[in-house]
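Report on the structure
Take a look at the letters that make up each chain.
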Amino acid sequence: MEKVIETKNLKKKFGKILAVDNVSLEIEKGKIFGLIGPNGGGKTTLIRMILGILKPTEGEVFILGKRMPDRKVLKKIGYMPQESALYENLTLKENLFTFGEIFGVKNLKERMKEVLKFVGLEGWENEMIENFSQGMKKRASFSISLLPDPEILILDEPTVGIDPPLMVSFWEYFKELSKIGKTILITTHNLQEAMNCQEIGLMSKGKIILKGNPFELLKEHKVNSLLDLFLKFR
Ligand SMILES: Nc1ncnc2c1ncn2[C@@H]1O[C@H](COP(=O)(O)OP(=O)(O)OP(=O)(O)O)[C@@H](O)[C@H]1O
Ligand SMILES: [Mg+2]
């Protein structure tokens with residue numbers, strides 16, 4: 001299988017804090033990989049190093065075989081950060097245009113319509129982001145990460161504050177994307193939704209301490225839920 005995301009002995013220190021501790025991870029093409037784990041476990045730091053936003057203290061990251069950061073590879077990644085990166089005092093349409101131009105999205109107008117329909121924000125194009133609810137901001141951020149029709153989606157807690165019906169359609173969509181060979185790295189604190197991932201990694205104190213298919217992990221460790229597993233190993 002083709003490796004899409006690969007980290008080798010990745011470490012990040014912030015002063016005395018070892019936020020990511022020697023993480024070697026491989027994610028294959030078409031997989032939905034879920035990172036779970038306690039607050040401060042190192043998930044966001046790992047993701048930011050994978051994207052090349054943050055320089056590792058030690059170790060390397062390869063995406064599609066290229067050492068990161070690589071500008072060409074970055075164009076193939078849709079990223080949704082944990083904290084909103086939207087311009088609050090621009091309208092939704094202006095945000096989509098701004099990011100679309102940064103990403104060099106072709107057929108931007110058509111693509112905007114498609115992504116807004118998908119996240120259910122049609123009709124909100126001319127509203128300022130500052131007037132959006134939390135969940136609507138999440139929808140807007142997600143629509144931006146989808147704009148370039150990326151091969152790889154890296155989503156840091158995309159479903160926080162999203163209402164249950166939309167959560168279900170997000171996951172249906174993730175599964176469709178995975179079927180057509182797109183690779184998704186996602187973090188979540190919702191352990192029920194994490195069961196939808198083909199593979200999960202439990203990250204705690206900077207290390208990935210458990211990894212595998214969620215159903216197989218439950219069997220292997222003789223527990224009934226990811227919550228039990230989480231409590232056993234965190
Ligand atoms: N820019 C920074 N400067 C200093 N310390 C940082 C910085 N970013 C993260 N940390 C620290 O690194 C550790 C890992 O944080 P990180 O945000 O990666 O965790 P997380 O698993 O994403 O947590 P959460 O589930 O709350 O989002 C924490 O101890 C945090 O305080
Ligand atoms: Mg985080």
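Residues numbered from 1 in each chain as written. Chains lettered and ligands numbered in written order. Predicted model: local features only at pLDDT ≥ 70, side-chain atom pairs only at ≥ 80, totals over all residues.

Here we look at helix 1 (residues 43-51)
Quick reminder: α-helices carry 3.6 residues per turn. Residues three or four places apart thus point the same way. Here is the rule we go by: Here exposure depends only on C-beta density: within 10 Å of a residue's C-beta, 20 or more other C-beta atoms make it buried, 12 or fewer make it exposed, and intermediate numbers make it partly exposed, the C-beta atoms being placed from the backbone. Runs of E in the DSSP output that reach at least two residues are strands. Runs of H or I that reach at least four are helices, and both are numbered from the N terminus.
Along helix 1, eight of the nine residues are buried, which leaves the element largely enclosed by surrounding structure. Taken as a whole, helix 1 has its buried residues at K43, T45, L46, I47, R48, M49, I50 and L51. At the C-terminal side of helix 1, G52 shows a positive phi close to 85 degrees.

Here's the deal with helix 4 (residues 108-119)
Definition in use: Here the expected span of a helix is defined as 1.5 Å times the quantity of residues minus one. This arc corresponds to the set of directions leading from the helix axis out to the C-beta atoms.
For helix 4, with twelve residues, the first-to-last C-alpha span of 16 Å sits near the 16 Å given by 1.5 Å per residue. For helix 4, the full list of buried residues reads M112, V115, L116 and V119. Projected onto a plane normal to the axis of helix 4, the buried residues spread over an arc of 100 degrees and lie on a single side. In helix 4, the exposed positions angled more than 90 degrees off the buried face are occupied by E110 and K117.

Looking at the domain arrangement of the protein chain
Applied cut-off: As used throughout, domain bounds are those supplied by an automatic or database domain assignment. We call two residues in contact if the C-beta atoms placed from their backbones are at most 7 Å apart. Each residue gets one of three labels, nonpolar for Ala, Val, Leu, Ile, Met, Phe, Trp, Tyr, Cys and Pro, charged for Asp, Glu, Lys and Arg, and polar for the others, Gly among them.
When the domains of the protein chain are assigned, the result is domain 1 (3-76 + 151-233) and domain 2 (85-150). Relative to domain 2, the C-alpha centre of domain 1 lies at a distance of 24 Å. Each side of the interface is counted separately: domain 1 has twelve residues, and domain 2 has ten residues. With three residues, the single largest contributor to the side of domain 1 that touches domain 2 is strand 7 (residues 152-156). Classifying every residue of the side of domain 1 that touches domain 2 gives seven nonpolar, one polar and four charged.

Some points on the packing of helix 3 (residues 92-103) against helix 5 (residues 134-146)
Convention followed: Think of each axis as a best-fit line through the C-alpha atoms, taken over the contacting stretch in the case of a helix, with angles from 0 to 180 degrees between the N-to-C directions. Geometric relationships in this document are graded by angle, where less than 35 degrees denotes roughly parallel, more than 145 denotes roughly antiparallel, 65 to 115 denotes roughly perpendicular, and other angles denote oblique. Helix crossings get a hand from a simple test, with the near helix turned counterclockwise from the far one by less than a right angle marking a left-handed crossing and a clockwise turn marking a right-handed one.
For the pair helix 3 and helix 5, interaxial distance at closest approach is 10 Å and the crossing angle is 30 degrees. With respect to their mutual orientation, helix 3 and helix 5 come out roughly parallel. In this structure, helix 3 meets helix 5 at a crossing whose hand is right-handed. On helix 5, the residues touching L92, N95, L96 and F99 of helix 3 are A140, S143 and I144. Of the residues that constitute the contact of helix 3 with helix 5, the class distribution is five nonpolar, two polar and no charged.

Regarding the sheet that holds strand 8 (residues 183-187)
Keep this limit in mind: One requirement defines pairing of two strands: DSSP has to find at least two bridges between them.
Taken in spatial order, the six strands line up as 6-7-8-3-9-10 in an open sheet, and their pairing is mixed. Each of the sheet's edge strands pairs with one partner strand only, and the pair in question is strand 6 (77-80) and strand 10 (207-212). Across the sheet, the mean angle from the axis of one strand to that of its neighbour is 15 degrees, orientation sign disregarded. Alignment of strand 3 (residues 32-36) against strand 8, held across four bridges, turns out to be parallel. Across the sheet, L35 pairs through a bridge with T187, a residue of strand 8. Strands strand 3, strand 7 and strand 8 of the sheet are contacted by helix 6 (residues 164-179), whose axis makes an angle of about 145 degrees with strand 8.

A short note on the site of ligand 1
Applicable threshold: A residue counts as near a molecule or strand when its C-beta atom, positioned from the backbone, falls within 6 Å of it.
The environment of ligand 1 is formed by F14, I17, A19, G37, N39, G40, G41, G42, K43, T44, T45 and Q82. Elements supplying a minimum of two residues to the shell around ligand 1: strand 2 (17-28) and helix 1. Ranked by residues supplied to the shell around ligand 1, first place goes to helix 1 with three residues. For the shell around ligand 1, the residue count by class is three nonpolar, eight polar and one charged.

A closer look at unusual backbone geometry
A cis geometry characterises the amide bond from M68 onward to P69, with omega recorded as 0 degrees. As for its position among the elements, P69 is in the loop between strand 5 (66-67) and helix 2 (71-74). For D149, which is not glycine, the phi dihedral falls at a positive 50 degrees. With a phi angle near 50 degrees, K222 is a residue other than glycine that sits in the positive phi range. Structurally, the position occupied by K222 is in the loop between helix 8 (214-220) and helix 9 (226-233).

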